Amino acid sequence: MEIKPFEKKLYLASPTSHGEELKFIQEAFDTNWLSTVGANINESEKLICEKIGCKNAIALSSGTAALHLAIRLAAEKLYGQPKVGHGALEGKKVFCSDMTFDATVNPVAYEGGEAVFIDTEYDTWNMSPKALEKAFEIYPDVKMVVVAHLYGTPGKVKELRQVCDKHGALIIEDAAESLGATYEGKQTGIFGDVGIISFNGNKIITGTSGGMLLVDDEEDANKIRKWSTQAREDAPWYQHEELGYNYRMSNIIAGMVRGQIPHLEEHIAQKKAIYYRYKEGLKGLPVSMNPFDEGKSEPNYWLSCLIIDRDAMCRQVRGEKDVLYVTETGKSCPTEILETIAKYNAEGRPIWKPMHMQPIYRMNGFVTENGTGRARSNAYIDEGTVLDVGMDIFERGLCLPSDNKMTPEQQDVIIEIIKRCFS
Ligand SMILES: *Cc1c(COP(=O)(O)O)cnc(C)c1O
């Protein structure tokens, strides 16, 4: 069979809109609430609280802004309010997910803190509770942990919580990718002391941009509302006692969010069908799909990913910005698959390159399950033991086209292309 390139590009994950969003955006115009105040904001916050089961959701300009304020809030609880011009985490270390988008960890640096990266585990591709326990042995003073749920798959929330409770540490939960996913029947975003979600354009639902901070405590919620609108005091003039930010969500964006929320379950069902179609279609190849804790968690299946068996990897060498590989019969590698599907006008993506491998964070600490730090590049396996799980998954894994609007026929073509990479 000859495969022709897709006429319209097949995206990794593009926005899926439904038209009702326009009604709420129009309403903002009609009522002239063209600001960071309005019914769309209030309603979106309410709908998210009902969905997730949190007491307060505060709509903000992005998931990153939400993470920044979440981290600032936790830092002030732990270490007090810093002098103006100083970060709330100066001189402090914070444990962070390692294999994630850099937005998860950058806000630690915004506050002058130092991220220490915790290695990943194979079961869910999220933070390893064992590595986290090791990290507390090495750095017993740490009191804050930033945990992400990768690609819509919940991490081992219970184990991570146990480790943190034992050491009196607060959890910031980055549920930017996992909105609607559950762990033991509960939504991600409420397991942390503070949680965040994102409505970035490629997430499971979108506001074109935007995010929310989720927190139960009323006083904390009010503080976030205040900080995100320039921290005005209750006075007749602009009175300031604390550092403020302009991080609130616009009522127009919130109209988009409001129109998308009722479609969350539908989007998850579409993504789930895509995941299982890949799983079925790739059977027999030396690959497996991104795993999850089957008895306990239900992902939102935001991105379908695969990982190639170790002995089916062709040689692939990655530098900082470029990559080489050698084609071999019966074998393949992420680069070959990504380049081949790109030739047919479809978009995949490498796995998030672990933070401890990023030049910007090369001096930061990194803790693996056996307590060692960084392995030398391409030396992550020593006598059969994997020393650096994140590096291993990055080497062998990739994200597949996972767009809601992809048809089964289009997906079958992608599956066929992957099969040919291994022939
Ligand atoms: C998208 C994303 C963010 C940031 O959200 P924005 O709304 O894009 O700022 C944070 N963490 C993770 C894991 C993400 O995927």
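Residues numbered from 1 in each chain as written. Predicted model: local features only at pLDDT ≥ 70, side-chain atom pairs only at ≥ 80, totals over all residues. Heavy atoms only, no water.

A.B. asks: Is there a simple way to think about the domain arrangement of the protein in this case?
C.D. replies: Interface size is often expressed as the accessible area that is lost when the parts come together. We note that the domain assignment places domain 1 (20-263) and domain 2 (264-421) within the protein. Look at where the C-alpha atoms of domain 1 and domain 2 centre, and you get two points 27 Å apart. Between domain 1 and domain 2, the contact holds 50 residues from the first and 48 residues from the second. Roughly 4,200 Å² of surface becomes buried between domain 1 and domain 2 when both sides are summed, with 59% attributable to carbon and sulfur atoms. Of all residues in domain 1, the largest losses of buried area upon contact with domain 2 belong to Tyr-122, Trp-125 and Tyr-151, amounting jointly to 20% of the total for that side. The interface formed by domain 1 and domain 2 includes one salt bridge. In this structure, Lys-51 and Glu-265 form a salt bridge, with 2.1 Å as the shortest nitrogen-oxygen distance. Our count for the contact surface shared by domain 1 and domain 2 stands at 27 residue pairs in polar contact (both at pLDDT 80 or more). Looking at the side of domain 1 that touches domain 2, the elements with two or more residues in it are helix 4 (106-110), strand 3 (114-118), helix 5 (129-138) and strand 6 (182-183). (Domains from an automatic or database assignment. Contact = heavy atoms within 4.5 Å. Buried area = accessible area lost by both parts, 1.4 Å probe. Salt bridge = Lys/Arg side-chain N within 4 Å of Asp/Glu carboxyl O. Polar contact = N/O pair within 3.5 Å; in protein donor to acceptor, adjacent residues only side chain to side chain. Helix = DSSP H or I, 4+ residues; strand = E, 2+ residues; numbered from the N terminus.)

A.B. asks: So what exactly am I meant to see when it comes to the packing of helix 1 (residues 20-30) against helix 8 (residues 251-260) here?
C.D. replies: The axes of two packed helices give the description: the angle between them and the distance between them. At a closest axis distance of 7 Å, the pairing of helix 1 and helix 8 adopts a crossing angle of 150°. Taken together, the axes of helix 1 and helix 8 lie roughly antiparallel to each other. You can see that helix 1 and helix 8 cross each other, and the crossing is right-handed. Within the contact between the two elements, helix 1 uses Glu-20, Glu-21, Phe-24, Ile-25, Glu-27, Ala-28 and Phe-29 and helix 8 uses Asn-251, Ile-252, Gly-255, Met-256, Arg-258, Gly-259 and Gln-260. (Axes fitted to C-alpha atoms, helices over the stretch in contact; angles between N-to-C directions. Parallel < 35°, antiparallel > 145°, perpendicular 65-115°, else oblique. Left-handed = near helix turned anticlockwise from the far one by under 90°.)

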